[in-house]
Amino acid sequence: QQQVKQSPQSLIVQKGGISIINCAYENTAFDYFPWYQQFPGKGPALLIAIRPDVSEKKEGRFTISFNKSAKQFSLHIMDSQPGDSATYFCAPGGFQKLVFGTGTRLLVSP
Amino acid sequence: GAGVSQSPSNKVTEKGKDVELRCDPISGHTALYWYRQSLGQGLEFLIYFQGNSAPDKSGLPSDRFSAERTGGSVSTLTIQRTQQEDSAVYLCASSLQTDTEAFFGQGTRLTVV
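For clarity, every value in this text was computed on a predicted model and none was experimentally measured.

## Some details on the pattern of salt bridges
Under the definition given, this model contains five salt bridges over all chains. Between Asp84 of chain A and Arg61 of chain A there is a salt bridge, and its shortest N-O distance comes to 2.8 Å. One end of the pair, Asp84 of chain A, is in the loop between strand S8 (72-77) and strand S9 (86-90); the other, Arg61 of chain A, is in the loop between strand S6 (56-59) and strand S7 (62-67), and 23 residues separate them in sequence. Overall, Asp84 of chain A belongs to the buried group, its relative accessible area being 4%. The salt bridge involving Glu44 of chain B is made with Arg36 of chain B; its shortest N-O contact spans 3.0 Å. A relative accessible area of 31% places Glu44 of chain B in the partly exposed class.

Okay, here's the thing in structure tokens:
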């Protein structure tokens, strides 16, 4: 069964703080680990993704950390801004379809 | 168009009626997904098409739901005898392969009254 568990369900962070969202998966065949960002009224859009040959990838304020042995990957948002307030989904994939997590609602307070 | 296009953007229908939702994926994308999202909730997987393979229908909630993808391009999601619990935003996404970025459409907001 391709289960994907995302935590926390919701998160409130002060402006300038660090937001951390975690994703645990079961299928060891996954080889693509993305995070999607969704604003109200819009479809999700790719934020950042990592392949299993590296343990960390950084793009601006966004970092993915990947732990293959633990079957987990996480999203870190540094210097969180009110504009980062959105719902975030992990969606590991591979030979078979992408499997979306249940989502994390992030609110960055001014 | 450059992105995934869904139509209609909004649909209000009476309980018991059938509805058809359309998705035009990005040209050349072999993978196509349908998801459902209720207000403030996560993404509920419905169905997945990959090339010429048999679709993965494991997420369809009942036999009132069906989908087809003609010529490996446009997809139609059909809901028969709509119920109020079918009210949600239906999102379509396509990707070049199963391990590459999925591009989402803006969704169809379905309201069953």
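## Some details on the interface of chain B and chain A
Opposite the 19 residues of chain B that make contact, chain A presents 20 residues. Taken over both partners, the interface formed by chain B and chain A buries close to 1500 Å², and the fraction arising from carbon and sulfur atoms is 53%. One can count zero salt bridges joining chain B with chain A. Linking chain B with chain A are four residue pairs in polar contact (both at pLDDT 80 or more), by the criterion used here.

## Quick word on the state of the cysteines
What the rule picks out here adds up to two disulfides over all chains. One disulfide in the model links Cys23 of chain A with Cys90 of chain A; its S-S distance is 2.1 Å. Taking the torsion about the S-S bond as the criterion, the Cys23 of chain A to Cys90 of chain A disulfide, at about 65 degrees, is right-handed. Taken as a pair, Cys23 of chain A in strand S3 (residues 19-25) and Cys90 of chain A in strand S9 lie far apart in primary sequence, 67 residues in all. Residue Cys23 of chain A is classed as buried on the basis of its relative accessible area, which comes to 1%. The disulfide that involves Cys23 of chain B links it to Cys92 of chain B, with 1.9 Å between the sulfurs. Taking the sign of the S-S torsion, about -65 degrees here, the bridge from Cys23 of chain B to Cys92 of chain B comes out left-handed. Of this pair, Cys23 of chain B sits in strand S3 (residues 19-24) while Cys92 of chain B sits in strand S8 (residues 88-95); the two residues are 69 residues apart in sequence, bridging distant segments of the chain. The pair formed by Cys23 of chain B and Cys92 of chain B is uniform in burial state, with each residue classed as buried.

## Considering unusual backbone geometry
Here Ser7 of chain A and Pro8 of chain A are connected by a cis peptide whose omega angle stands at -5 degrees. Backbone torsion omega between Ser7 of chain B and Pro8 of chain B reads -10 degrees, so that peptide bond is classified as cis. Here Pro8 of chain B lies in the loop between strand S1 (5-7) and strand S2 (10-13). A positive phi angle, close to 55 degrees, is found at Lys71 of chain A, a residue other than glycine. Within the secondary structure, Lys71 of chain A is located in the loop between S7 and S8. Classification of Lys71 of chain A as partly exposed rests on a relative accessible area of 28%. Located in the positive-phi region is Arg81 of chain B, a residue other than glycine, with phi close to 45 degrees. Inspection of the secondary structure puts Arg81 of chain B in the loop between strand S7 (75-79) and S8.

The rules we used
- Residues numbered from 1 in each chain as written.
- Chains lettered and ligands numbered in written order.
- Predicted model: local features only at pLDDT ≥ 70, side-chain atom pairs only at ≥ 80, totals over all residues.
- Heavy atoms only, no water.
- Salt bridge = Lys/Arg side-chain N within 4 Å of Asp/Glu carboxyl O.
- Helix = DSSP H or I, 4+ residues; strand = E, 2+ residues; numbered from the N terminus.
- Buried < 20%, exposed > 50% of the residue type's maximum accessible area, 1.4 Å probe, protein only.
- Contact = heavy atoms within 4.5 Å.
- Buried area = accessible area lost by both parts, 1.4 Å probe.
- Polar contact = N/O pair within 3.5 Å; in protein donor to acceptor, adjacent residues only side chain to side chain.
- Disulfide = S-S within 2.5 Å.

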